[in-house]
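# Commentary on secondary and tertiary structure
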Amino acid sequence: MSETQQTDAPASAHEAWGEPRTRELTWYDPIQTAAQAPLMTGVEFLRRMREGVIPPPPIAAHFGLDIDEVEEGRVTFRCTPDESGYNPIGTIHGGVLCTLLDTVCGCAIQSVLPQGKGYTSIEIKVSYVKAVRGDGGPLSAEGTVIKAGSRVGFTEGVVRDATGAVVATASSTLLIFDLPTPGT
């Protein structure tokens, strides 16, 4: 055994880790929420969600996502990551930032869609600019539409930390399609 390896493991490794932490999540039936999407324009759907008329999707509870602003072609969200999003080196995992960027890029395209249309990500390219710690305060993210075609849309996103510094950016390509109407 090398000198850098631990030679005397505790009786229970978990005891050495300290007290476990938990995080409780609450969400509402996502199928009922999704059934409302084809009945209104994308911007109307997002505004109703921001106002609390329509519940947010379960992913919002997992990552602490909240809609701040919604206008056609632009959305902003906020997210306050905590230590449950840490990677092994003590910073927020890039997947948290990617999820936030995928959300604002997708919702930006949703904000310009007519009634009966939906979207899904085809690809997203994320550039991580600065490490984020869980105790660094809220993150703000903005998604904007670059071009919305009839079948494909292009958006960009940027995430800033509590000081306003850019921590990550993204460009996204999204597929636009017809949503099934409820009951079909």
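Rules of the game
Residues numbered from 1 in each chain as written. Predicted model: local features only at pLDDT ≥ 70, side-chain atom pairs only at ≥ 80, totals over all residues. Heavy atoms only, no water. Core = buried A, V, L, I, M, F, W, Y, C linked by side-chain atoms within 4.5 Å. Buried < 20%, exposed > 50% of the residue type's maximum accessible area, 1.4 Å probe, protein only. Helix = DSSP H or I, 4+ residues; strand = E, 2+ residues; numbered from the N terminus. Contact = heavy atoms within 4.5 Å. Pairing = 2+ DSSP bridges. Axes fitted to C-alpha atoms, helices over the stretch in contact; angles between N-to-C directions.

Below, the discussion takes up the nonpolar core. Ranked by size, the top nonpolar core spans 31 residues in total, and within it Val75, Phe77, Leu97, Leu100 and Val159 carry the most contacts. Looking at this core, the elements with two or more residues in it are α3 (42-50), β1 (65-71), β2 (74-79), α5 (94-110), β4 (139-148) and β6 (166-178). Per element, the largest residue contribution to this core is eight residues, and it comes from α5. With residues near it in sequence (within four places) discarded, Phe77 still touches Leu65, Asp66, Ile67, Asp68, Leu100, Thr103, Val104, Cys107, Leu139, Ser140 and Ala141.

On to the sheet that holds β1, then. Across a sheet, strands are paired by hydrogen bonds formed along the backbone, either parallel or antiparallel in direction. Taken together, six strands build an open sheet; the order of strands is β1-β2-β4-β5-β6-β3 and the sheet is antiparallel. In this open sheet, the two edge strands, each paired with only one partner strand, are β1 and β3 (117-128). Across the sheet, the mean angle separating the axes of adjacent strands is 20° when strand polarity is ignored. Here strand β5 (residues 152-160) pairs with β6 via nine bridges, running antiparallel. Bridge pairing in β6 places Glu156 opposite Ser171. Contacts between α3 and the sheet are confined to β1 and β2, with β1 contributing the most and set at about 135° to the helix. Along the sheet, α5 contacts β1, β2, β3, β4, β5 and β6; its crossing angle with β3, the most-contacted strand, is approximately 140°.

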